[in-house]
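# Remarks on the overall topology
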Amino acid sequence: EKKATYIAGRIVGESVERSKRSLIIEVGRVDGVKRKMALVNPDGLIGKVLATSDGQAIIQQLVDHNALVSVTLQNSREKGVVSWSGNSWLELLYIPKNIPVSRGETVVTSGISQIYPPGIKDGVVTSVEEDEFNLFKSIRIKPAVNFNALEEVFLIVPDSSLADSSGVIANE
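This one's a predicted model, so the numbers in the text were calculated from it and none came from an experiment. (Residues numbered from 1 in each chain as written. Predicted model: local features only at pLDDT ≥ 70, side-chain atom pairs only at ≥ 80, totals over all residues. Heavy atoms only, no water.)

## Topic: the overall build of the protein chain
Put simply, the test is: Secondary structure elements are taken from DSSP: a helix is a run of H or I of four residues or more, a strand is a run of E of two residues or more, and numbering for both begins at the N terminus. Accessibility here uses a 1.4 Å probe with only protein chains present; expressed as a share of the type maximum, an area under 20% marks a residue as buried, one over 50% as exposed, and anything in between as partly exposed. Residue contacts are counted whenever heavy atoms from the two residues lie within 4.5 Å of one another.
Regarding its fold elements, the protein chain presents zero helices and 13 strands. Counting every position in the protein chain, which comprises 172 residues, the buried fraction comes to 43%. Restricting to contacts in the protein chain with at least 6 residues of sequence separation, those with at least 24 account for 55%.

## Thoughts on the pairing of strand β10 (residues 121-129)
The test is simple: Note on pairing: two strands pair once DSSP finds at least 2 bridges between them.
The pairing of strand β9 (residues 106-109) with β10 spans three bridges and is antiparallel. Residue V108 lies in a different strand from β10, and its bridge partner there is K121. As paired elements, β10 and strand β11 (residues 138-143) share six bridges and run antiparallel to each other. Note on β11: the bridge partner recorded for V125 is I141.

## Overview of the packing of aromatic side chains
Rule in force here: Aromatic pairs are defined between Phe, Tyr and Trp rings, using the six-membered ring for Trp, whenever the two ring centres lie within 6.5 Å; interplanar angles under 30 degrees are classed as stacked, those over 60 as edge-to-face, and all others as tilted. Here, a charge over a ring means that NZ of Lys or CZ of Arg falls within 6 Å of the ring centre while also lying within 35 degrees of the ring normal.
A complete count under the given rule lists two aromatic pairs for this structure. Ring geometry for Y94 versus F136: centroids 5.7 Å apart, planes at 85 degrees, classification edge-to-face. Taken as a pair, Y94 in the loop between β8 (90-93) and β9 and F136 in the loop between β10 and β11 lie far apart in primary sequence, 42 residues in all. Here the basic side chain of R140 rests over the ring of W89, its NZ or CZ set 3.6 Å away from the ring centre.

## Some details on the nonpolar core
Short version of the rule: Only buried Ala, Val, Leu, Ile, Met, Phe, Trp, Tyr and Cys residues count toward a nonpolar core, and they belong to the same one when joined by side-chain atoms within 4.5 Å.
I25, V33, I46, I59, L92, V107 and L155 are the most contacted members of the largest nonpolar core, which has 41 residues in total. If we ignore the near neighbours within four places in the chain, the residues touching I25 are R10, I11, V12, L39, G55, Q56, A57, I59, V153 and L155.

## Here we look at the side chain of S85
Going by this rule: Any pair of nitrogen or oxygen atoms within 3.5 Å is treated as a polar contact; in protein, a donor-acceptor pairing is required on top of that, and neighbouring residues in sequence qualify only through side-chain atoms on both sides.
For S85, the position within the fold is in the loop between β7 (79-84) and β8. A polar atom in the side chain of S85 sits 2.6 Å from the backbone oxygen of W89. In contact with S85, other than residues within four places in its own chain, are H65, L90 and E91.

## Observations regarding unusual backbone geometry
One non-glycine residue, R77, lies in positive phi territory at about 65 degrees. The residue Y94 is not glycine, and still its phi comes out positive at about 70 degrees.

## Thoughts on the environment of V107
Of note, V107 is situated in strand β9. Taking relative accessible area as the criterion, V107 reaches 0% and is therefore assigned buried. Sequence separation between V107 and G123 is 16 residues; the distance between their C-alpha atoms is 5.4 Å. Beyond its immediate chain neighbours, meaning those up to four positions away, V107 contacts V71, T72, L73, V82, L92, I120, K121, D122, G123, V125 and I141.

## Looking at the sheet that holds strand β6 (residues 68-73)
Note the following rule: With axes taken as lines fitted to C-alpha atoms, and helix axes fitted only over the stretch in contact, angles between N-to-C directions fall between 0 and 180 degrees.
Read around the closed barrel, six strands run β6-β7-β8-β11-β10-β9, paired in antiparallel fashion. Between one strand axis and the next, the sheet turns through 40 degrees on average, direction left out of account. Here β6 pairs with β9 via three bridges, running antiparallel. Paired with L73 across the strands is V107, a residue of β9.

Right, dumping it as structure tokens:
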């Protein structure tokens, strides 16, 4: 199994628009940052790189109305899509009614996308509801990450050719 390689960064700014939640980090092209790199912290998934300059990058957070992430329920292995609700929780979409889902179940990235590697924690199921008029369950997810307390972050480098022998690229 390949070891992941990371670029460490620090958040230096964020957007003030309520519906578009983006961050600015202090690493950019000269540090090896590229568009569509996944951004994480030790708790889980934060988002992806939207744009880069030489010394900075703009990050689209998971709590942005335009962010969609392909995920897997850890118990059933059923795949769905996570999107932001506009509130403090995420929504897990496209899980059929016949699939068992429990409160407390972990939701991780599926690895289907070319952006997010598999197994990154997105959150935990907090509620599951059904109604007779929908084919899919209504599922709320508590995000793994506290988006109001982000400081240090890590970009996942898809190609390990940039890594040093320790497997980590640090911002110098």
